[in-house]
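Structural description and commentary
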Amino acid sequence: MNDSSPAPITVADNYIFACRILLGIKTLREHLGCPLQDAFIAFTERYEVLRRESPDRSSLTPEECWEGFHS
């Protein structure tokens, strides 16, 4: 079977688990060579995937993680 779905971008996973939002977005922006908005979208999409796949790796709730972050 040919799985043509792209591999997940994991370079910012440690920042995502630690809720280091700005560092994660910066890492994704540099890795992907994309505009800030695209890096933010990539971060939030990966955040949602990791929350579903590894809920035990994050000690903060989504509300706590995103508290004080305004884009």
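Provided above is the structure to which this section pertains.
Structural notes, computed from the coordinates. What you see is a predicted model, and the numbers here were worked out from it, not measured in a lab. Numbers given to residues run from 1 along each chain, matching the order in which its sequence is written. Owing to the predicted nature of the model, reporting of local features is limited to residues with pLDDT of at least 70; listing and counting of side-chain atom pairs is limited to 80 or more, with chain, interface and lining totals taken over all residues. For side-chain calculations, the full set of non-hydrogen atoms in the structure is used, while hydrogens and water are omitted.

Counting residues in each nonpolar core, the largest one holds 15 residues, and the members touching the most others are Ile16, Ile25, Leu28, Ala39 and Phe43. Each helix is a run of H or I in the DSSP string that is no shorter than four residues. Each strand is a run of E no shorter than two, and both are numbered from the N terminus. For this core, the secondary-structure elements that each account for two or more residues are α1 (13-17), α2 (21-32) and α3 (36-53). Contact definition: two residues touch when any of their heavy atoms are within 4.5 Å. With near-sequence residues (within four places) excluded, alanine 39 lies in contact with Ile25, Leu28, Arg29 and Cys34. Buried Ala, Val, Leu, Ile, Met, Phe, Trp, Tyr and Cys residues that are joined via side-chain atoms within 4.5 Å together make up what is termed a nonpolar core. When accessible area is computed with a 1.4 Å probe and restricted to protein chains, residues below 20% of their type maximum are described as buried, those above 50% as exposed, and intermediate ones as partly exposed.

This paragraph deals with the side chain of arginine 46. Secondary-structure assignment places arginine 46 in helix α3. Arginine 46 sits in the buried class, given a relative accessible area of 13%. Within the local environment of arginine 46, its side chain forms a polar contact with the side chain of aspartate 13, the two groups lying 2.8 Å apart. Sequence-distant contacts of arginine 46, that is, excluding residues within four places in its chain, are made with Pro8, Ile9, Thr10, Asp13 and Ile16. Under the rule applied, a polar contact is a pair of N or O atoms within 3.5 Å (in protein, one hydrogen donor and one hydrogen acceptor; residues adjacent in sequence only if both atoms are side-chain atoms).

Cavity: a set of points on a 1 Å grid over the protein atoms alone where a 1.4 Å probe fits but cannot get out. Pocket: an open set with protein on both sides within 12 Å along at least five of seven lines, its lining residues, like those of a cavity, having an atom within 4 Å of a point. Grid points are joined across faces, edges and corners, and a volume is the space filled by probe spheres set on the points. Inspection of the entire model under this criterion finds one cavity of 30 Å³ or more. By volume, the largest cavity is sized at about 40 Å³. Looking at the largest cavity, the residues that line it are Ile16, Phe17, Tyr47, Leu50, Arg51, Ser54 and Ser58. Secondary structure elements with two or more residues in the lining of the largest cavity: α1 and α3. Of all the elements, α3 adds the most residues to the lining of the largest cavity, at three residues. Classification convention: Asp, Glu, Lys, Arg as charged; Ala, Val, Leu, Ile, Met, Phe, Trp, Tyr, Cys, Pro as nonpolar; all other residues, Gly among them, as polar. A class-by-class count of the residues in the lining of the largest cavity yields four nonpolar, two polar and one charged.

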